[in-house]
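# Analysis of the macromolecular model
Listed below are the residues making up each chain.
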Amino acid sequence: MGSIEVKVDLDSDEEIPLSSPQGNKVHPLSFETSHASPLANLSRSWEFRKMERFNILRSIYIVLIKAKINVLLPFGPLAILLHYTTKKHGLVFFFSLVGITPLAERLGYATEQLAFFTGPTVGGLLNATFGNATEMIISMYALKNDMIRVVQQSLLGSILSNMLLVLGCAFFCGGIVHHQKVQVFSKETALVNSGLLLMAVMGILFPAVLHFTHTEVHFGKSELALSRFSSCIMLIAYASYLFFQLKSQSNLYSSIEGQEPVNNSEDADEEEVPEITKWESIGWLAILTLWISVLSGYLVDAIQGASDSMNMPVAFISVILLPIVGNAAEHASAIMFAMKDKLDITLGVAIGSSTQISMFVIPFCVVVGWIMGKPMDLNFQLFETASLFITVLVVAFMLQEGTSNYFKGFMLILCYLIVAASFFVHVDPSNGKSSNLRPGNKCGIDAQDEILKL
């Protein structure tokens, strides 16, 4: 019996205490660790450092090298070099514009990677927020330099670009790929966003009407006071919308996510794996936002010089060229999701971004201008306000059926071309703030008056 018990003890995995000469019991594992720990710790730390270095290099490769659009990254440093070595504002503006394009796209990529760790609803909100980071940074620089009309027109252009160009290209590409069926999306979410956009139009319309009908109680002051009051109301409305989206009716916005794997199970499995970690995503968001901030300063400084050298109105540069760069991330994401038959996410990117600009970014700029002592208001002038109003109506009619096809997308693209051509021949009348009237316009107006008199 004794030998059997010894055998069982020896074969078992239990630790057998050893006795030291002093009679104290010593654990064999602690004895082994005490002698081997310095070497083991050194080996572990070296492997950890090697792994960490590998992860950093892999992250740099994925974010800054892997994507084809990254071939445009050197244009940013070239723009800064040209700013200090030459006086060619047109080249500085063009190089800054091209240099910001891949940064905006990579910012959208880092946001999408972070969305894997935050969930679909918060991820969509982060995508819209950081997708508009470029516009917000450019607006802050322009506001600081008293270029209020550039701020207004660039933000207006972002709304027009998202609603007509981005959504139109997404509908068109999705309709071409899935031409054998009618693509559908949630009408409920589209109607909520359309209602918010119409509320934003109302907030922007009334200060302009008050100004141009000359019915202000205090000329110049009532318009500004109304803009600041309306901006605060719009910010409250947007905060309520976020609560509605994230807390109160979160099932309405997350139900679509649960339906996607049924139709696209293979695609969903591939997309569920993030390429970079959570903290790497946050780090890249900070780095890319900082670099966009630097380039935006040079871009804003070169706008007026570029307008003069290229003989192009500042209104066209602000409304058409700047938003195309700022919306690079949304443009790529919206088309990609539409081609995968995920139109609800496409609408969340395109229309959600327009809603955020109109209900948050524009009122936020008015409040920031109020704090900075700048007369930033919601009077976008009649031409710009009419463009926004008609655009919102057209898109609202397109979305009311809850279906999409390539013809609807083609019509939206054609509408954007009409808007772009209109701003190319449009001269901003309120040039006390931005001074972009072309020389000779006053003489032309005087000549027209003389002809009318005759």
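Please refer to the structure placed before this passage.
Presented here is a report on the structure given in the accompanying data block. Just so it is clear, the structure is predicted and the values come from calculations on it, not from any experiment. As a convention, each chain's residues are numbered from 1 in the sequence order in which they are written. The predicted nature of this model means local features are confined to residues of pLDDT at least 70 and side-chain atom pairs, given and counted, to a pLDDT of 80 or more, with totals for whole chains, interfaces and linings taken over all residues. Only heavy atoms go into the side-chain values, all of them from the structure, while hydrogens and water stay out.

Right, let's talk about empty space enclosed by the protein for a bit. A pocket here means an open set of points on a 1 Å grid, computed over the protein atoms alone, that has protein on both sides within 12 Å along at least five of seven lines. A cavity is instead a set of points where a 1.4 Å probe fits but cannot get out; residues with an atom within 4 Å of a point line either one. Grid points are joined across faces, edges and corners, and a volume is the space filled by probe spheres set on the points. Counted according to the given criterion, the structure contains two cavities of 30 Å³ or more. Space inside the largest cavity adds up to approximately 50 Å³. Taken together, T134, E135, I138, S139, S154, L155, S158, L322, P323 and G326 make up the full set of residues lining the largest cavity. Only DSSP runs of H or I reaching four residues or more are called helices, and only runs of E reaching two or more are called strands; each is numbered from the N terminus. Mapped onto the lining of the largest cavity, the elements with two or more residues apiece are α6 (133-144), α7 (148-177) and α14 (314-326). It is α6 that provides the largest number of residues to the lining of the largest cavity, a total of four residues. Each residue is assigned to one class: nonpolar for Ala, Val, Leu, Ile, Met, Phe, Trp, Tyr, Cys and Pro, charged for Asp, Glu, Lys and Arg, and polar for all the others, Gly among them. Here the lining of the largest cavity is built from residues that sort into four nonpolar, five polar and one charged.

We now examine unusual backbone geometry. Although it is not a glycine, D146 adopts a positive phi angle of roughly 65°. In this structure, D146 sits in the loop between α6 and α7. The residue H214 is not glycine, and still its phi comes out positive at about 55°. Take H214: it is sitting in the loop between α8 (187-212) and α9 (222-248).

Further remarks concern the packing of helix α4 (residues 89-118) against helix α12 (residues 278-301). Axis separation between α4 and α12 bottoms out at 9 Å; the angle between their running directions is 160°. In this view, α4 runs roughly antiparallel relative to α12, as classed from their interaxial angle. Crossing geometry of α4 relative to α12 is assigned as left-handed. Of the residues that constitute the contact of α4 with α12, the class distribution is 19 nonpolar, seven polar and two charged. For helices, the axis comes from a line fit to the C-alpha atoms of the stretch in contact; other axes are also lines fit to C-alpha atoms, and the angle between any two N-to-C directions lies between 0 and 180 degrees. The cut-offs work like this: below 35 degrees is roughly parallel, past 145 is roughly antiparallel, 65 to 115 is roughly perpendicular, and the gaps in between are oblique. In a left-handed crossing the near helix is turned counterclockwise from the far helix by less than a right angle, and in a right-handed crossing that turn is clockwise.

As a further point, take the side chain of E105. You can see E105 is positioned in helix α4. A 3.5 Å cut-off defines polar contacts: any pair of N or O atoms within that distance qualifies, except that in protein one atom must be a possible hydrogen donor and the other a possible acceptor, and neighbouring residues in sequence count only when both atoms are side-chain atoms. There is a polar contact of 2.9 Å between the side chain of E105 and the side chain of R106.

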